[in-house]
Amino acid sequence: MSDEDTETTGSDDVGGIDGFSTDLEGTDLGDDEPKQGLFDDLLSGEPIFENKEVLRPSYTPHELPHRSDQINKMATILVAALRGETPSNILIYGKTGTGKTASAKFVSKELESTSQKYSVPCDVEYINCEVTDTQYRVLAQLANKFIEKNQRRIDDRIDSLEDRLDALEEYDERSDAADAAGDETEGDLFEPPEVEPVSTDANTSTSTGEGGETPSSDSTDETEGSFTGASTDAEPGHETDDSVDATLPPDHPLESTPFDSREEVEEQIESLEEDRDSFEEVPMTGWPTDRVYSVFFDAVDYDERVVVIMLDEIDKLVEKSGDDTLYNLSRMNSELENSRVSIIGISNDLKFTDFLDPRVKSSLGEEEIVFPPYDANQLRDILEHRSDVAFKGGALSDDVIPLCAAFAAQEHGDARRALDLLRTAGELAERSQAETIVEEHVRQAQDKIELDRVVEVVRTLPTQSKLVLFSIILLEKNGVHSINTGEVFNIYKRLCEEIDADVLTQRRVTDLISELDMLGIVNAVVVSKGRYGRTKEISLSVPQEETEAVLLSDSRLSDIDDVQPFVQARFEN
Ligand SMILES: Nc1ncnc2c1ncn2[C@@H]1O[C@H](COP(=O)(O)OP(=O)(O)OP(=O)(O)O)[C@@H](O)[C@H]1O
């Protein structure tokens, strides 16, 4: 028995906390098994996930099944950048979760890596316009990114020039040493420059005196003819420099560089340092927009390159701050000297183009790529690809993926929703310490996600909409089935009085009901009442209890609870 005990204690396998567990045993647990800690139970369940991260929205997959047409089309357009030409602007659109961002990021990663492989300067910049939603912020963010890139490139150039200076120094030292060691025997390397000035002088004076004739062929040493002729004809005044330039031996550190001397390299370093220090970072607020634009423009044009600017959720930018940014970006190419800019706009909603200046619209939509919703089979493929990596072998029962795919296909073919469902189903299974994920977990996950969405939408509604929604809930709670707008309005008025809120007109309340309908919170159908005209029949489309709880968590509405007996009385007779 004691053996077993020792074994149990020893088998803790938690080397670092051995001392801790012994102390506990010594105090109150006696020879019992060590107490299970808070996390032990949770850890003891067989984990379902191998790598949960691959199911998260932040993960960029390496493979995007069913998007090869769109990806190839993008690549065919953007390959122009690798040829140093300006690619056409692209407008990408499709419903949410159809892989627009994932595909565009995948293509841009490939573009950048190929451009590095072939040393073609090409930069891709991604901006999410839901976050960066004004012209100022877009331009400032781009300006700062390009300033940073330029400074990094300048630093690299300075580093390589400094390496060259070091090499030059070593080279000079070696040459001096060689010179000192044996003037006579080492003559071949440095002989030409010594011979040269003599013949150059002769040449120069002759050509000046004789109006450019070439008696030099006579005076030129037979052995070095071509060498002498080249340097004198080109620049008679710079004999020494030219001779260095033309005679740089193949192993000379400045050979095949644009520099002829150490001084020129040093000057270049100095000028690069000045450039680097001249870039001024744009603050996130406070400058006039045209100053921000001009800093951005200069930063982009500093180097020869093709720049692809990817504006995700571009409709949000236009909605918030009009089309000025797009106008400015699309006219840049006519003024840029060194670089070229191309724009990729990504949107869920094509309607935003109706608000664009016609010139911007036609420039932005040079190429359009549509991302259609996925069907259930395609979603199934996508989930299968990911689940291989995400889950332990055997953690999924056969019907889980088809069910997730079917649910998400009903939601306009949204891959994000399908992945969320699968991840949440896994988490629910894990929480209930199940060994496999089964259909029931998917159904629970569907309810949970739906509820989370409703909670979020209801929580962020304006107070007036909350009051209208609460009126509908009160009516339903009191057994009213075909609720009409008039009934909602009556209760709504009472509620407003109760909390001292402004009372909107019945017409406005009707609009708010339509908005709730569009958000999927209520269902409002127009029914014909024959000769009594038409009316709206309203019902709640979300779980009553949870929605009510969210509404009552709003501090303004929390007092309303007391109104309920009154509402009830109203409908009892
Ligand atoms: N073909 C696919 N293969 C694998 N994963 C995909 C595929 N399409 C989309 N996804 C995944 O679905 C999620 C949503 O995709 P993405 O963000 O690209 O959608 P979107 O069309 O840009 O949506 P939104 O308009 O809402 O931004 C991401 O996690 C993405 O990795």
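This is a predicted model, so every value here is computed, not measured. Throughout, a residue's number is its position along its own chain's written sequence, starting from 1. Local features in this predicted model are restricted to residues whose pLDDT is 70 or higher, and side-chain atom pairs enter the listing and the counts only when it is 80 or higher, whereas totals over whole chains, interfaces and linings include all residues. Excluded from the side-chain calculation are hydrogens and water; included are all heavy atoms of the structure.

### Here we look at the nonpolar core
Here is step 1: Membership of the largest hydrophobic core comes to 48 residues, with the highest contact counts inside it found for Phe296, Leu311, Leu329 and Met332.
Here is step 2: Numbered from the N terminus, helices here are DSSP runs of H or I no shorter than four residues, and strands are runs of E no shorter than two. For this core, the elements supplying multiple residues, two or more each, are α6 (135–181), α11 (262–278), α12 (289–301), β3 (305–312), α13 (314–321), α14 (324–331), β4 (339–347) and α15 (358–364).
Here is step 3: Broken down by element, this core gets its largest block of residues, 13 residues, from α6.
Here is step 4: Contacts were defined at the residue level, with two residues in contact if any of their heavy atoms lie within 4.5 Å. Discounting chain neighbours no more than four positions away, the residues touching Phe296 are Leu139, Leu142, Ala143, Phe146, Ile309, Leu329 and Met332. By nonpolar core we mean a set of buried residues, namely Ala, Val, Leu, Ile, Met, Phe, Trp, Tyr and Cys, connected to one another through side-chain atoms within 4.5 Å. Under the scheme applied here, a residue whose accessible area is under 20% of the maximum for its type counts as buried, over 50% as exposed, and between as partly exposed, the area being computed with a 1.4 Å probe on protein chains only.

### Focus on the environment of Asp324
Here is step 1: With respect to the helices, strands and loops of the structure, Asp324 is situated in helix α14.
Here is step 2: Owing to a relative accessible area of 44%, Asp324 belongs among the partly exposed residues under this scheme.
Here is step 3: The sequence separation of Asp324 and Val360 amounts to 36 residues, and the corresponding C-alpha distance is 9.2 Å.

### Some details on the packing of helix α4 (residues 68–82) against helix α5 (residues 100–117)
Here is step 1: Note on geometry: axes are C-alpha line fits, over the in-contact stretch for helices, and angles between N-to-C directions span 0 to 180 degrees. The geometry of α4 relative to α5 is characterised by a closest axis approach of 10 Å and an angle of 30° between their N-to-C directions. Like other packed secondary-structure pairs, α4 and α5 cross with a definite hand, here right-handed. Contact with α4, carried on its side by Ile71, Met74, Ala75, Leu78 and Leu82, involves Ser103, Ala104, Phe106, Val107, Leu111, Thr114 and Ser115 of α5 and no other residues of that element.
Here is step 2: When residues are sorted by character, Ala, Val, Leu, Ile, Met, Phe, Trp, Tyr, Cys and Pro go into the nonpolar class, Asp, Glu, Lys and Arg into the charged class, and all the rest, Gly among them, into the polar class. Residue composition of the contact of α4 with α5, grouped by class: nine nonpolar, three polar and no charged. The crossing is said to be left-handed when, going from far helix to near helix, the turn is anticlockwise and less than a right angle, and right-handed when the turn is clockwise.

### Notes on the UniProt feature "binding site: ATP" (unreviewed entry) in the protein chain
Here is step 1: UniProt positions are given in the numbering used here, feature names are shortened, and annotations may be inferred rather than shown by experiment. UniProt feature "binding site: ATP" (unreviewed entry): in the numbering of this structure it lies at Thr98, Gly99, Lys100, Thr101, Ala102, Tyr374 and Arg386.
Here is step 2: Its place among the elements puts Thr101 in helix α5.
Here is step 3: With a relative accessible area of 27%, Thr101 lands in the partly exposed category.
Here is step 4: Beyond its immediate stretch of four places on either side in the chain, Thr101 contacts Tyr126 and Asp312.
Here is step 5: Among the residues examined, Ala102 registers a relative accessible area of 23% and is labelled partly exposed.

### Focus on the pairing of strand β6 (residues 522–528)
Here is step 1: Relative to strand β7 (residues 534–540), β6 runs antiparallel, the two sharing seven bridges. Considered in β7, the bridge of Val526 is made with Lys536.
Here is step 2: Note: two strands are recorded as paired if DSSP finds a minimum of 2 bridges between them. If you look at the hairpin formed by β6 and β7, you'll find five residues sitting between the two strands, and Gly530 has a positive phi there, around 60°.

### A word on the packing of helix α20 (residues 463–477) against helix α22 (residues 506–518)
Angle between the axes and distance between the axes: these two values describe a pair of packed helices.
Here is step 1: The geometry of α20 relative to α22 is characterised by a closest axis approach of 10 Å and an angle of 85° between their N-to-C directions. Looking at the two axes, α20 sits roughly perpendicular to α22. Contacts between α20 and α22 pair Gln464, Ser465, Val468 and Leu469 from the former with Val509, Leu512, Ile513 and Leu516 from the latter.
Here is step 2: Taken together, the residues of the contact of α20 with α22 sort by class into six nonpolar, two polar and no charged. Should an angle lie under 35 degrees it is considered roughly parallel, over 145 roughly antiparallel, and from 65 to 115 roughly perpendicular; all remaining angles are considered oblique.

### A look at unusual backbone geometry
Both trends apply: most residues other than glycine have a negative phi, and most peptide bonds are in trans.
Here is step 1: Despite not being glycine, Glu313 has its phi angle at roughly 55°, a positive value.
Here is step 2: Positionally, Glu313 belongs in the loop between β3 and α13.
Here is step 3: Even without being glycine, Asp500 reaches a positive phi, approximately 60°.
Here is step 4: Along the chain, the position of Asp500 falls in the loop between α21 (485–499) and α22.
Here is step 5: With relative accessibility at 69%, the residue Asp500 sits in the exposed group.

### With respect to the site of the ligand
Here is step 1: Nearness of a residue to a molecule or strand requires only that one of the residue's heavy atoms be within 4 Å of it. Near the ligand lie 22 residues; those nearest to it are Thr96, Thr101, Asn348, Tyr374 and Arg386.
Here is step 2: Polar contact is the term for a pair of N or O atoms within 3.5 Å; when the atoms are in protein, one must be able to donate a hydrogen and the other to accept it, and sequence-neighboring residues count only if both atoms are side-chain atoms. In this structure, an oxygen atom belonging to the ligand sits 2.5 Å away from a side-chain N or O atom of Asn348.
Here is step 3: Between the ligand and Arg416 there is a distance of 3.0 Å, counted from an oxygen atom to a side-chain nitrogen or oxygen.
Here is step 4: Accessible surface is estimated by sampling points in the Shrake-Rupley manner with a 1.4 Å probe; for residues, cover comes only from the protein chains shown. Burial of the ligand by the protein amounts to 94% of the accessible area it has alone, namely 630 Å².
Here is step 5: Sorting the residues of the shell around the ligand by element identifies α5, α16 (376–390) and α18 (415–431) as the ones contributing at least two each.
Here is step 6: Class assignment for the residues of the shell around the ligand results in ten nonpolar, six polar and six charged.

### Concerning the sheet that holds strand β2 (residues 122–128)
Here is step 1: Read across the open sheet, the five strands follow the order β2-β3-β4-β1-β5; overall the sheet is parallel. The open sheet has two free edges, formed respectively by β2 and β5 (367–371), since each of these has just one partner strand. Taken pair by pair, the neighbouring strands of this sheet meet at an average axis angle of 15°, ignoring direction.
Here is step 2: Of the strand pairs in this sheet, strand β1 (residues 90–94) and β5 are connected by five bridges, and their pairing is parallel. Its bridge partner being in β5, Ile90 is matched across the sheet by Glu367.
Here is step 3: With respect to the sheet, α4 is in contact with β1, β2, β3, β4 and β5, its orientation differing from that of β5 by roughly 155°.

### Here we look at the pattern of salt bridges
Here is step 1: By convention in these notes, a salt bridge is any Lys or Arg side-chain nitrogen within 4 Å of a carboxyl oxygen on Asp or Glu. This structure, assessed with the given rule, holds 32 salt bridges.
Here is step 2: A salt bridge links Arg417 to Glu450, with the shortest nitrogen-to-oxygen separation between them at 3.5 Å. Placement of Arg417 in helix α18 and of Glu450 in helix α19 (residues 439–459) is noted, with a sequence separation of 33 residues between them.
Here is step 3: Glu450 sits in the partly exposed class, given a relative accessible area of 26%.
Here is step 4: Here the salt bridges share partners, and the residues they tie into one network are Asp123, Glu125, Lys145, Lys149, Arg153, Arg157, Asp303 and Arg305.

### Examining the packing of aromatic side chains
Here is step 1: Stacked, edge-to-face and tilted are the three classes for Phe, Tyr and Trp ring pairs, Trp counted by its six-membered ring, which pair at centre distances within 6.5 Å; planes under 30 degrees apart are stacked, over 60 edge-to-face, the rest tilted. For the structure shown, the criterion picks out six aromatic pairs.
Here is step 2: Relative to Phe297, the ring of Tyr293 has its centre 6.1 Å away and its plane inclined at 45°; by these criteria the two rings are tilted. You can see Tyr293 and its partner Phe297 sitting in helix α12, four residues apart, about one turn around the helix. Accessibility assignment for this pair places Tyr293 and Phe297 in one class, buried.
Here is step 3: Here the aromatic residues Phe146, Tyr293, Phe296 and Phe297 are joined through ring pairs into a cluster of three or more.
Here is step 4: Over the face of the ring belonging to Tyr126 we find Lys105, whose NZ or CZ atom lies 4.2 Å from the ring centre.
Here is step 5: Charges are assigned to positions over rings by a cutoff of 6 Å between ring centre and Lys NZ or Arg CZ, combined with an angular limit of 35 degrees from the ring normal. The cationic tip of Arg291 hangs over the ring face of Trp287; the distance from NZ or CZ to the ring centre is 3.6 Å.

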